[in-house]
Amino acid sequence: MSLSFSLRSSPTQPFPFPTTSSSKSNRHFLLPHRTSTTSTCASSPIRRRLLLKPNGTPLSLRCSSSMSVDNSTPTSQLQDSLLFSRAYWVSKSIIAWNVDVGDGSCFLFASKTAALSIVDDGVEGKDMQIKLEEDSCGLPENVIRKFPHIQDYRAFKVPSTLDAKTLLKCQLAVATFNSDGKCINVTGLQLPGVLDDLFSYNGPLGALYSEDSVSVYLWAPTAQAVCACIYRDPVGGNPLEIVQLEEVNGVWSTKGPKRWEGCYYVYEVSVYHPSTLQIDKCHVNDPYARGLSSDGRRTFLVNLDSDTLKPEDWDDLANEKPDIPSFSDISIYELHIRDFSAYDYTVHPEFRGGYLAFTLQDSSGVLHLKKLSNAGLTHVHLLPTFQFAGVDDEKENWKCVDTNMLDKLPPDSVQQQALITAIQDNDGYNWGYNPVLWGVPKGSYASNPNGPYRIIEFRKMIQALNRIGLRIVLDVVYNHVHGSGPFDENSVLDKIVPGYYLRKNTDGLIENSTCVNNTASEHVMVERLILDDLLHWVVHYKVDGFRFDLMGHIMKSTMVKAKDALHSLTKERDGIDGSSIYIYGEGWDFGEVAKNGRGVNASQFNLSGTQIGSFNDRIRDAMLGGSPFGHPLQQGFVTGLFLQPNGHDHGTEANAECMLAVAKDHIQVGMAANLRDFVLTNFEGKEVKGSEVLTYGGAPVAYALSPTETVNYVSAHDNETLFDIVSLKTPMEISVDKRCRINYLATSVIALSQGIPFFHSGDEMLRSKSLDRDSYNSGDWFNRLDFTYNSNNWGVGLPPKEKNEKNWPLIKPRLADPSFKPQKSHILAAVDNFLNLLHIRYSSPLFRLKTANAIQERVRFHNTGPSWIPGTIVMSIEDGYEGVPGLSQLDPIYSYIAVIVNASPTEVSFACPALRARTLKLHPIQVMSTDELVKSSTYEGSSGCFTVPPRTTSVFVEPR
């Protein structure tokens, strides 16, 4: 569609100043470009133009949200202001701007060719000027709810006769003038509000297939023209066709022949881009792409409903999935696809590091997963599997390091990390938190990144894991995208509707608090894209859950809509039982969204009552000590705080003891599913609710209203592995036997807590990353998993310099000391202990209570108050008896359970009057275990006294 303008004339008076061109010597010519706000800007073959001062030097960019520019502001600074978008077109009828017009005037300017520039006597290059009158009533409530961060801005009325839909395809600016007609302030506009108001859309998007045609739809209301270039091949060659799309109310579409299926296409979008201040021709993939070429530059036209893309019995997979009676029965194992098999030599070389490695029945990795499944584990959480940047999909382009050479280097050498980081951006490894396209499986994990292979192999992976009893959670990263701007090869959304999908600050610059290019789910079509993508993964790939990266940067309303949409799916209509899909994520509250700065966000506290899970960092920090951002030697409950000091300054002995007591309270709240209203006795002897137990920063520890809203964990892919952090925080002189025992102790608390337990892959094998605290790009070498249990990967060199150098003085002596490295016997014992914990958890429903009320009624903590035995947690869980008033009976085998966690380096004895005269016995799984130490645990009924060995969790049960 060609852009034709029928802009209605403004009902305002002409500008009160001359509009004729000024002399050339007084003009500042606009050669636009804005410095990218991303950290990963790719080079472009298109030469970017600069905004120049009269002497030819580039203008500097100053980020400021000042209300106005004074009357003496030079024209060059006003021209500079066009690079920012400090005003908001929030609805069809309102523009919000933080300026005081006084007795002056305010105008909206439009240029269909992006020719706006500031001259000494006004604005040039405009096709239209519209006077805006201030609305003394201010911004309406619905606008403030949507844009709370600009609630104090002034409201300016847009004339109702204005053809806003056409105007939105132009370069736009607003300017204020004083009573003498001098321009004193000018800025661009942020458009998401008005785009939502005028162009929200719930019709088809992406490619649709019928018996005789292929149609494509693209939402791009600010575009001036869109065409689709159709290619036969994934790379190279000229287009078979270039088809101009037609626009209806912001949606561009065309209908093509059936022969397009199996071809590739790219959109060419002509659109004004605020980062360049010009009309750019952007070549871009479809944001609803379902397949890609190997280089990620072309969208593959693939019908996911085609039978040729389905493994055998694929349509019946919903009936084969392992049963999950309740979300409280879930346990999660976090795993990276490449980690799983990159070093598994029982896997065919062509399958290593990819989807098909999961389809083998007798590889070391699959046999290990079968053990976990048989012990009760329910879900495998896969780190990002969508199309991400940072790893070339074409394996022949990868670089690698000779691992035989690396094996010969000293365990504390600097050389391994130097060799790995030299190729880290050109190897086959990255965690994948660099989203490019959310709806396409990553090509580097497929045997062939072109054509349908990634689709078929991803489905085979899901099917294979379901068939060994494991459901699949996908790690989704909707909070940011990797690319932005019109030139970045990884930019998609920002090329199609510039300035809409990405959240901006009050200067109109992209927010980067997530790391880069924050997305804005508070905008209608961003939210729609997220919801559509989730439904796509469930319906077309039959996945079983989602983990939301930096979920707190997504709006709560989006998360609730996502849960409701997923739970509405049915086997009969959609081929999947949506009620079994569990969603959870990182509810951290920071950046521009903190304290509901952009609307009510999906933070830990805001999600209470939604049945959406969030990670409980309180129990992690209390167990290990400090936080991932604190001093690495700060100790916690299981790492020796007060009981076995490591030399770090924790204050006085009394202070360290108090810290230990506070940590115990935090852990106990976590063991009770971090429930806000759970009542317990704190270390001071007071009865308090979980929400009244406070963190060191003064925030409540507890936030959940339901046990399944809490995901308890002590380690994850971020930060050091559990074994590594234990090795760092415990005293240098303790033995590796004791460190392995602490690893098991920490895992036991998570496994036996109420709520959802979450485990990092390899924790059960004492996994090490050689003390790397952020291995996102550290290659296979530092991320290696060994399912033959021969090595835990400790001591493979100093971890990469970028994130670890400041801790090298602490790390180096530990890696150099051979006594720190576990032997195969340690790893085998750790695996056995972990399997036993899973068996114990699933031996009784009392470990998996479904409601907050059930936990309050049945769970008790003993050894509380000021006279507690330091380092010991005693938790009991009570069941009722059938036919007896009071508690209902849940467990047909056990009527009472007691869990004693002894984190001290010595044996403890604890007598509890409330636990006298019971017939408690050590759990039969622990009686039969290979752990000789736990077998020495005892209970004496007459005194209610438990004796538990050092660094041991003992479980006692009362059989019916």
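Scroll up for the structure.
*Asks:* Would you mind going over the overall build of the chain with me for this structure?
*Replies:* A count of helical and extended segments in the chain gives 24 helices and 39 strands. Against the globule reference of 30 Å for 960 residues, the chain gives a C-alpha radius of gyration of 31 Å, in line with a compact fold. For the chain, the spread of C-alpha atoms along the three principal axes comes to 100 × 60 × 60 Å. Out of the 960 residues belonging to the chain, those deemed buried represent 63%. Total accessible area on the chain is roughly 34300 Å²; 51% of this is exposed by carbon and sulfur atoms. Each charge class in the chain can be summarised by its mean position, and for the 89 positive and 107 negative side chains these summaries are 2 Å apart.

*Asks:* Would you take a moment to explain the environment of Asn792 for this structure?
*Replies:* Tracing the chain through its elements places Asn792 in the loop between helix H19 (779–783) and helix H20 (801–804). Expressed as a C-alpha distance, the spacing of Asn792 and Met765, which sit 27 residues apart in the sequence, is 6.6 Å. Leave out the neighbours within four places in its chain, and Asn792 touches Phe723, Met765, Leu766, Arg767, Ser768, Lys821, Pro822 and Ile827.

*Asks:* Quick question: what am I supposed to make of the sheet that holds strand S35 (residues 908–911) here?
*Replies:* Each strand in a sheet pairs with another by means of backbone hydrogen bonds, the pair being arranged parallel or else antiparallel. What the three strands build is an open sheet, ordered S35-S38-S37; its pairing is antiparallel. In this open sheet, the two edge strands, each paired with only one partner strand, are S35 and strand S37 (938–940). Going across the sheet, the axis of each strand differs from the next one's by a mean of 15°, ignoring polarity. For S37 and strand S38 (residues 945–948), the ladder comprises three bridges, and the chain directions are antiparallel. By the bridge assignment for S38, Thr938 is matched with Thr947.

*Asks:* When you look at the packing of aromatic side chains in this model, what are you seeing that I'm missing?
*Replies:* The geometry of an aromatic ring pair is captured by the separation of the ring centres together with the interplanar angle, meaning the angle of the planes. Within this structure, the stated rule accounts for 36 aromatic pairs. Aromatic side chains Tyr265 and Tyr267 sit 5.4 Å apart centroid to centroid with 85° between the ring planes, which places their arrangement in the edge-to-face category. Of the residues examined, Tyr265 reaches a relative accessible area of 2% and is grouped as buried. Look at Phe615 and Tyr713: their rings are 5.2 Å apart centre to centre, the planes differ by 75°, and that puts the pair in the edge-to-face class. With Phe615 in strand S27 (residues 613–616) and Tyr713 in the loop between strand S30 (710–712) and helix H17 (722–729), the pair connects residues that are 98 residues apart, well separated along the chain. When sorted by exposure, Phe615 lands in the same class as Tyr713, which is buried.

*Asks:* Teacher, can you tell me more about the packing of H17 against helix H18 (residues 736–751) here?
*Replies:* Geometry of a packed helix pair, given as the angle between the helix axes and the separation of the axes. Running from N to C, H17 and H18 cross one another at 125°; their axes reach a closest spacing of 9 Å. Viewed along their axes, H17 and H18 adopt a mutual orientation that is oblique. You can see that H17 and H18 cross each other, and the crossing is right-handed. Packed against H17, whose contacting residues are Leu722, Phe723, Val726 and Ser727, the element H18 presents Val736, Arg739, Cys740, Ile742, Asn743, Ala746 and Thr747 at the interface. By residue class, the composition of the contact of H17 with H18 is seven nonpolar, three polar and one charged.

*Asks:* Sorry, what's going on with the pairing of strand S25 (residues 545–548) here?
*Replies:* Side chains on a regular strand alternate between the two faces of the sheet. Along S25, one buried face is formed by Gly545 and Arg547 and the opposite face, lined by Phe546 and Phe548, is buried too. Of the strand pairs in this sheet, strand S24 (residues 471–476) and S25 are connected by four bridges, and their pairing is parallel. Bridge pairing links Val476 to Phe548 in S25. With four bridges connecting them, S25 and strand S26 (residues 582–585) associate as parallel partners. In the sheet register, Arg547 faces S26, and the bridge partner there is Tyr584.

*Asks:* How should I be thinking about the nonpolar core in this particular structure?
*Replies:* The nonpolar side chains of a soluble globular protein tend to be buried with one another. Judged by nonpolar contacts, the single largest core of 221 residues is most densely connected at Trp89, Leu108, Leu172, Tyr267, Phe546 and Phe548. Core analysis: the second largest hydrophobic core is formed by 18 residues, Leu83, Leu116, Ile118 and Cys183 among them.

*Asks:* What exactly am I supposed to notice about unusual backbone geometry here?
*Replies:* With the exception of glycine, most residues fall at negative phi, and the peptide bonds are largely trans. For Asn719, which is not glycine, the phi dihedral falls at a positive 70°. Examined against the element boundaries, Asn719 turns out to sit in the loop between S30 and H17. Of note in the backbone geometry, Tyr789 takes a positive phi value of approximately 70° without being a glycine. For Tyr789, the position within the fold is in the loop between H19 and H20.

*Asks:* For this particular structure, what's the right way to read helix H9 (residues 415–422)?
*Replies:* The complete set of buried residues in H9 reads Gln416, Gln417 and Ile420. All buried residues of H9 lie within an arc of 90° about the axis, which places them on one face of the element.

*Asks:* Would you mind going over the sheet that holds strand S34 (residues 894–902) with me for this structure?
*Replies:* Here five strands make up an open sheet; going across it, the order is S32-S33-S34-S39-S36 and the pairing antiparallel. At either end of the open sheet lies a strand with only one pairing partner, and these are strand S32 (859–862) and strand S36 (921–922). Pairing between S34 and strand S39 (residues 952–959): eight bridges, direction antiparallel. Across the sheet, Tyr896 pairs through a bridge with Glu958, a residue of S39. Packing against the sheet, helix H16 (residues 653–671) makes contact with S32 and strand S33 (872–878), and its axis sits at approximately 25° to S33.

*Asks:* Honestly, the environment of Phe629 in this entry has me stumped. Any pointers?
*Replies:* Note that Phe629 resides in the loop between helix H15 (617–624) and H16. Its relative accessible area of 77% is what places Phe629 among the exposed residues.

*Asks:* Looking at this model, I keep getting lost on the pattern of salt bridges. Mind explaining?
*Replies:* It is possible for side chains of opposite charge to pair when their charged atoms get near one another. Evaluation of the coordinates by the stated rule reveals 40 salt bridges. Linking Asp393 and Arg454 is a salt bridge whose minimum nitrogen-to-oxygen distance equals 3.7 Å. With a gap of 61 residues between them, Asp393 in the loop between strand S22 (386–388) and helix H8 (403–407) and Arg454 in helix H10 (residues 453–467) connect regions that are remote in the sequence. For the pair shown, Asp393 and Arg454 are each scored as buried. Residues Glu958 and Arg918 are paired through a salt bridge, measuring 3.1 Å at the closest nitrogen-oxygen approach.

*Asks:* In this structure, what is going on with the packing of H10 against helix H12 (residues 524–541)? I would like to understand it.
*Replies:* The contact between H10 and H12 brings their axes to 11 Å, and the two run at 75°. The angle between the axes of H10 and H12 places the two elements in the roughly perpendicular class. Contact residues: H10 offers Ile455, Phe458, Arg459 and Ile462, while H12 offers Trp537, His540 and Tyr541. Partitioned by chemical class, the residues of the contact of H10 with H12 number five nonpolar, one polar and one charged.

*Asks:* Explain the side chain of Glu268 here, please?
*Replies:* Inspection of the secondary structure puts Glu268 in strand S17 (residues 264–273). On the basis of relative accessibility, which here comes to 18%, the residue Glu268 falls in the buried class. At 3.0 Å, the side chain of Glu268 and the side chain of His283 are in polar contact. If sequence neighbours within four positions are ignored, Glu268 has contacts with Ala225, Val226, Cys227, Lys281, Cys282 and His283.

*Asks:* Hey, could you run me through the pairing of strand S31 (residues 756–760) in this one?
*Replies:* Within S31, five of the five residues are buried, which leaves it mostly tucked inside the rest of the structure. The alternating pattern of S31 places Ile756, Phe758 and His760 on one face and Pro757 and Phe759 on the opposite face, and all of these are buried. Where strand S20 (residues 332–335) lies against S31, three bridges are found, and the strand directions are parallel. Residue pairing for S31: Tyr333 is matched across the bridge by Phe759. Bridge count between S30 and S31: two bridges; the pairing is parallel. Paired with Val711 across the strands is Ile756, a residue of S31.

Parameters and conventions
Residues numbered from 1 in each chain as written. Predicted model: local features only at pLDDT ≥ 70, side-chain atom pairs only at ≥ 80, totals over all residues. Heavy atoms only, no water. Helix = DSSP H or I, 4+ residues; strand = E, 2+ residues; numbered from the N terminus. Rg over C-alpha atoms; globule rule 2.2 N^0.38 Å. Buried < 20%, exposed > 50% of the residue type's maximum accessible area, 1.4 Å probe, protein only. Areas by Shrake-Rupley, 256 points an atom, 1.4 Å probe, with all protein chains shown as cover. Lys, Arg positive; Asp, Glu negative; His and termini not counted. Charge placed at Lys NZ, Arg CZ, Asp CG, Glu CD. Contact = heavy atoms within 4.5 Å. Pairing = 2+ DSSP bridges. Axes fitted to C-alpha atoms, helices over the stretch in contact; angles between N-to-C directions. Phe/Tyr/Trp six-rings, centres within 6.5 Å; stacked < 30°, edge-to-face > 60°. Parallel < 35°, antiparallel > 145°, perpendicular 65-115°, else oblique. Left-handed = near helix turned anticlockwise from the far one by under 90°. Nonpolar A, V, L, I, M, F, W, Y, C, P; charged D, E, K, R; others polar. Core = buried A, V, L, I, M, F, W, Y, C linked by side-chain atoms within 4.5 Å. Arc of directions from axis to C-beta. Salt bridge = Lys/Arg side-chain N within 4 Å of Asp/Glu carboxyl O. Polar contact = N/O pair within 3.5 Å; in protein donor to acceptor, adjacent residues only side chain to side chain.

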